[in-house]
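Structure at a glance
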Amino acid sequence: MSKDLATLAWLVEMGADEAIGDQPVDRLAPPPPATPKPPAPPDAPAAPALLPVAAASPGPPLPSAQAAASAEALAAAARSLDELEVALRGFDGCALKATATSTVFADGVPGSRLMLVGEAPGADEDRLGRPFVGVSGQLLDTMLRWIGLERARDFYIANVVYWRPPGNRQPTTAEISICLPFIRRQIELAKPEILVFLGNSAAQALLGTTGGIGRLRGRWLAYRIPGTGGELQAMATFHPAYLLRSPAQKRESWRDLLMIKNKLSDRANELK
Ligand code: URA
């Protein structure tokens with residue numbers, strides 16, 4: 001492999017797998033100094049090379065215990081979804097933020113009866129700043145349309161991780177736990193009647209289980225809203241990206257969707 005090709009392959013592996021601007025931007029580089037230093041007089045001893053000043057750079061990510069405490073405090077202080085989004089955008093405790101283009105908060109209609117939670121943004125979501133707008137999102141929208149639900153009218157959608165992991169790798173347990181206080185608060189503030197977890201990461205993180213999606217899916221589970229004693233009816237189902245790779249499993253997803261449709265209409269009838 002030529003040197004250029006090897007560099008390109010390395011960049012893709014690191015997550016830089018698409019061009020999103022006319023000029024390259026090094027997001028990790030410290031900002032340039034505000035004013036250039038005047039040159040030293042010729043007879044002055046040479047100044048030692050200075051390391052970048054910590055305060056001038058974005059700084060290293062917070063240690064995880066501090067980041068988790070800060071996430072808890074910020075999320076708990078938010079009184080509305082708008083406040084939560086502002087708090088999340090100002091939060092620098094998740095290292096993924098440094099390599100992502102966007103903070104991907106949510107899409108759809110806040111306050112809908114149905115809320116779906118996926119794993120983490122991919123390349124399209126990172127570029128557009130909205131969850132599930134790539135191919136797996138398109139499949140999800142089509143499947144939800146089968147049961148009469150439209151994103152612009154009937155559901156609210158977010159992820160357990162708000163920034164794209166480089167190269168679309170799976171988020172780590174540490175990255176998920178740092179984001180957890182925000183998604184938990186987001187669920188609490190969005191007040192859905194029914195919660196749907198798309199794939200293992202969301203189901204395991206929010207249900208606090210290690211069970212795989214194959215066992216969790218297809219039945220009603222209880223999601224406990226932390227600190228309130230309240231519970232929501234929850235369903236775990238296959239992630240649409242998995243269905244793209246294993247279309248035969250759409251049959252099972254169809255069963256899950258029918259259960260969701262029936263639950264929504266039963267609950268609506270109960271309120272009549
Ligand atoms: N996969 C996810 O889990 N979330 C997205 O937003 C997109 C793809």
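First, a word on what this report is: a plain description of the structure on this page. Treat the numbers as computed from the prediction; the structure is a model and nothing was measured. (Residues numbered from 1 in each chain as written. Predicted model: local features only at pLDDT ≥ 70, side-chain atom pairs only at ≥ 80, totals over all residues. Heavy atoms only, no water.)

Side note on the overall build of the chain
Here is the rule we go by: Under the scheme used here, helices are H or I runs from DSSP no shorter than 4 residues and strands are E runs no shorter than 2 residues, and both carry numbers assigned from the N terminus. When a residue's accessible area, from a 1.4 Å probe over protein chains only, is under 20% of the maximum for its type it is buried; when over 50% it is exposed; and in between it is partly exposed. Whether two residues are in contact is decided by their heavy atoms, any of which lying within 4.5 Å being enough. Computed with the Shrake-Rupley method and a 1.4 Å probe, the accessible areas treat only the protein chains shown as cover for residues.
Regarding its fold elements, the chain presents 11 helices and 6 strands. When the 272 residues of the chain are sorted by exposure, 40% land in the buried category. Sequence-distant contacts in the chain: of pairs separated by 6 or more residues, those separated by 24 or more amount to 71%. Accessible surface computed for the chain: about 15,400 Å², of which carbon and sulfur atoms make up 58%.

Here we look at the packing of helix α7 (residues 173-190) against helix α8 (residues 200-207)
Convention followed: Axes, fitted as lines to C-alpha atoms, cover a helix only where it is in contact. Angles between the N-to-C directions of the axes lie from 0 to 180 degrees. Note on angle classes: values under 35 degrees are labelled roughly parallel, values over 145 roughly antiparallel, values of 65 to 115 roughly perpendicular, and the remainder oblique. We call Asp, Glu, Lys and Arg charged. Ala, Val, Leu, Ile, Met, Phe, Trp, Tyr, Cys and Pro are nonpolar, and the rest, Gly among them, are polar.
Taken N-terminus to C-terminus, the directions of α7 and α8 make an angle of 80°; their axes are 10 Å apart at the nearest point. As far as their axial angle goes, α8 and α7 are roughly perpendicular. Contacts between α7 and α8 involve I176, L180, I183, R184 and I187 from the former and S201, A205 and L206 from the latter. In the contact of α7 with α8, the residues fall into 6 nonpolar, 1 polar and 1 charged.

Here's the deal with the site of the ligand
As a reminder, the rule being used: Here a residue is considered near a molecule or strand provided that any single heavy atom belonging to it is located within 4 Å of it. Throughout this description, a polar contact denotes any pair of N or O atoms lying within 3.5 Å of each other; where both atoms belong to protein, one of them has to be capable of donating a hydrogen while the other can accept it, and for residues adjacent in sequence the pair is counted only when both atoms sit in side chains.
In the vicinity of the ligand, the contacting residues are G118, E119, A120, P121, E125, P131, F132, S136, N159 and H239. In the model, a nitrogen atom of the ligand is placed 3.0 Å from a nitrogen or oxygen of the A120 main chain. H239 has a polar side-chain atom sitting 2.7 Å from an oxygen atom of the ligand. For the ligand, the protein covers 92% of the area, taking 230 Å² as the surface of the free molecule.

What to know about the sheet that holds strand β2 (residues 114-118)
Within a beta sheet, neighbouring strands are joined by backbone hydrogen bonds and run either parallel or antiparallel to one another. Going by this rule: We call two strands paired when DSSP finds no fewer than two bridges between them.
Read across the sheet, 6 strands follow the order β1-β3-β2-β4-β6-β5 without closing on themselves; strand pairing throughout is mixed. Each edge of the sheet is formed by a strand with only one pairing partner; in this case those strands are β1 (107-108) and β5 (221-224). As paired elements, β2 and strand β4 (residues 194-198) share 4 bridges and run parallel to each other. Opposite V117, over in β4, you have F197 as the bridge partner. Across the sheet, α8 touches β2, β4, β5 and β6 (231-237), and the angle it forms with β4 is around 130°.

Thoughts on the environment of L264
Relative to the assigned elements, L264 resides in helix α11 (residues 250-271). Along the primary structure L264 and I194 are separated by 70 residues, whereas in three dimensions their C-alpha atoms are 7.8 Å apart. If near-sequence neighbours (up to four positions away) are discounted, L264 is found in contact with R113, L149 and I194.

Some remarks on the packing of aromatic side chains
Short version of the rule: Two rings from Phe, Tyr or Trp (for Trp, the six-membered ring) form a pair when their centres are within 6.5 Å of each other. A pair whose planes differ by under 30 degrees is stacked, one over 60 is edge-to-face, and the rest are tilted.
A complete count under the given rule lists 7 aromatic pairs for this structure. With centroids separated by 5.1 Å and ring planes inclined at 55°, the aromatic side chains of F91 and F182 adopt a geometry described as tilted. One end of the pair, F91, is in the loop between α3 (81-89) and α4 (96-99); the other, F182, is in helix α7, and 91 residues separate them in sequence. Its relative accessible area of 0% is what places F182 among the buried residues. With a centroid separation of 5.3 Å and 85° between ring planes, the pair formed by W146 and W254 is classed as edge-to-face.

Some thoughts on a nonpolar patch on the surface
Heads up, the condition is: Patches here: salt-bridge-free residues with over 30% relative accessible area, like charges joined within 9 Å, nonpolar side chains (Val, Leu, Ile, Met, Phe, Trp, Tyr) joined within 5 Å. Salt bridge, as used here, is a side-chain nitrogen of Lys or Arg placed within 4 Å of a carboxyl oxygen of Asp or Glu.
Taken together, W146, W254 and L258 make up a surface patch of nonpolar side chains, about 290 Å² in accessible area. Tracing the backbone shows L258 in helix α11.

With respect to the pattern of salt bridges
In total, this model carries 16 salt bridges according to the counting rule given. The residue E175 makes a salt bridge to R169 at a minimum N-O spacing of 2.8 Å. Assessed through its relative accessible area of 12%, E175 is described here as buried. The partner of E231 in a salt bridge is R224, and the shortest N-O contact between them spans 3.5 Å. Classification of R224 by relative accessible area gives exposed; the value is 59%.

Description of the environment of L221
Inspection of the secondary structure puts L221 in strand β5. What makes L221 buried here is its relative accessible area of 15%. When the C-alpha atoms of L221 and V196 are compared, they prove to be 9.9 Å apart, with 25 residues separating the residues in sequence. Excluding residues that lie within four positions of it along the chain, L221 makes contacts with L207, L216, L232, Q233, A234 and A236.

Quick word on the nonpolar core
The criterion, for reference: Buried Ala, Val, Leu, Ile, Met, Phe, Trp, Tyr and Cys residues that are joined via side-chain atoms within 4.5 Å together make up what is termed a nonpolar core.
With 65 residues, the main nonpolar core has V117, I183 and F197 as its most contacted residues. Counting residues per element, this core draws most heavily on α7, at 9 residues. Each residue touching V117, except ones within four places of it in the same chain, is listed here: A158, N159, V160, I183, I187, L195, V196, F197, L198, A202 and L206.

That is the geometry; function is a separate question.
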